[in-house]
Amino acid sequence: MSSRDTDEDARVHVPTDDELDQKFLEGLTDDDTPTVTHRLIPEFPLDAITGPWADLIGSTELPTQLVAGAGLAAMSTLAAPVTGWHYGKPVWPVMWVPLISTQGGGKSHAQIRAFSKVRELDKEVRRQHSAALKEWKMLPAKERKLYPPPVNHAHLMGDHTIEKLYRMLDQEPHRTAVMDELAKLIKSFNAYKVTSSGDLEKYLELWTPGLEATYHRVGDGVHGIDIYVERPIFNLVGPLVESNLRILGEDDGGFRPRWFPFRSQERAVWAPDRYEPEEWNDMCKALYANEEPRDWFFNGKALDAWEEAYARWTAEELSGRDSTMVQAALIKANDQCLRVALAVAVSHDPGGHGDIPIEAMEQAVIVTDYAMDVWRSIDPPEALTIGA
């Protein structure tokens, strides 16, 4: 039994992470408007970033933090066929990125900028799928039974239910939800009291590398659902206003530390883009066209740098100087850092494989430190809880 299980001798029930997350969702209403105060919001370490990611960020007048966050989600989307190997365990490019800012802060525009080339490439895939589906529907009914309908392999998706998500992963296991309103999706977990706990659990499973995706719904031969996806890669990105920060979860739950936040309080500057990010666009096209599985390995200097950062994050978590919220994020920092390093390495060498370069790990450590400081910028932590 884990340390979170019930202490039967004391007759005290210690809630599990899932129970805390579900209790949080059940208490969430549209009327909750906590006041959020904060410490100094950290600057994104742009000077430490190189390659296509830096090219994207520098191409626009939009807030650096938001473009960087959306860019990381786009890189993870395109790195989906790649697996990292760390101590013999898989690392998958799965990032959940909230783009946090005030109203009019440029969150959606940053997202549009980062995913512009991917959307363009997806559009052609959707066009081809639409034409193929039209031809399939024109077949006689008996012939349609002999051939499955064509599959839409586009990577990007928007609003969805958990059932729709699993159906789409069943068709194409590499998906990224680019949300117009991240709050709307998270609040939907509690739309139906009977199923919301299971919905949340299914999302949490999709964040964890090495786990297959399974979805089962009892029904007759026509309406029953039984889905199995061996290697699901589900990235999630969307804008979140300051007043909705509470929806990212409770301090002691397992939901909140899975997020990798980027935060800005700048007002968006409506000015022409500085230039077209050709290096970024070329990277997007190269990765989009390469669906071959490739393996990267955390060895040598990159592994040494990760181990040093991991020891530091562990010491910070155990020091007690940070809030429970930040401590929970620090526990996940080692995982998050590996994923960022994998995405950066793949963006620098779209067709490559082998050992993760030290430069990719150094950037990942710095960016993970930035995300931890974003969590620290939210003060007091009670501002993220219901009724604060």
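Residues numbered from 1 in each chain as written. Predicted model: local features only at pLDDT ≥ 70, side-chain atom pairs only at ≥ 80, totals over all residues. Heavy atoms only, no water.

Description of the sheet that holds strand β3 (residues 96-101)
Alright, step 1. Taken in spatial order, the five strands make up an open sheet running β4-β5-β8-β3-β9, and their pairing is parallel. Where the open sheet ends on each side, the last strands, each with one partner, are β4 (156-157) and β9 (262-263). (Pairing = 2+ DSSP bridges. Helix = DSSP H or I, 4+ residues; strand = E, 2+ residues; numbered from the N terminus.)

A closer look at the pairing of β3
Alright, step 1. β3 sits mainly inside the fold: six of its six residues count as buried.
Alright, step 2. Summarising the sheet, β3 and strand β8 (residues 233-241) pair through six bridges and their orientation is parallel. In the strand pairing of β8, Leu 99 is matched with Pro 239.
Alright, step 3. Summarising the sheet, β3 and β9 pair through two bridges and their orientation is parallel. What sits directly across from Leu 99, in β9, is Phe 262. (Buried < 20%, exposed > 50% of the residue type's maximum accessible area, 1.4 Å probe, protein only.)

Some words on empty space enclosed by the protein
Alright, step 1. This structure, assessed with the given rule, holds one cavity of 30 Å³ or more.
Alright, step 2. Looking at the largest cavity, its volume works out to about 30 Å³.
Alright, step 3. Lining the largest cavity, in full, are Glu 250, Asp 251, Arg 256, Pro 257, Met 325, Ala 328, Ala 329 and Trp 375.
Alright, step 4. A per-element tally of the lining of the largest cavity places helix α11 (residues 324-348) first, with three residues.
Alright, step 5. Of the residues that constitute the lining of the largest cavity, the class distribution is five nonpolar, no polar and three charged. (1 Å grid on protein atoms, 1.4 Å probe; cavity = no way out; pocket = protein on both sides within 12 Å on 5 of 7 lines; lining within 4 Å. Points joined across faces, edges and corners; volume = space filled by probe spheres on them. Nonpolar A, V, L, I, M, F, W, Y, C, P; charged D, E, K, R; others polar.)

So, the nonpolar core
Alright, step 1. Formed by 110 residues in total, the largest nonpolar core has its most connected members in Trp 53, Phe 262 and Met 361.
Alright, step 2. No other element matches α11, which puts 14 residues into this core.
Alright, step 3. When near neighbours in sequence (up to four residues on either side) are disregarded, Phe 262 contacts Phe 44, Gln 65, Leu 66, Ala 68, Gly 69, Leu 72, Val 97, Pro 98, Leu 99, Ile 100, Val 367 and Tyr 370. (Core = buried A, V, L, I, M, F, W, Y, C linked by side-chain atoms within 4.5 Å. Contact = heavy atoms within 4.5 Å.)

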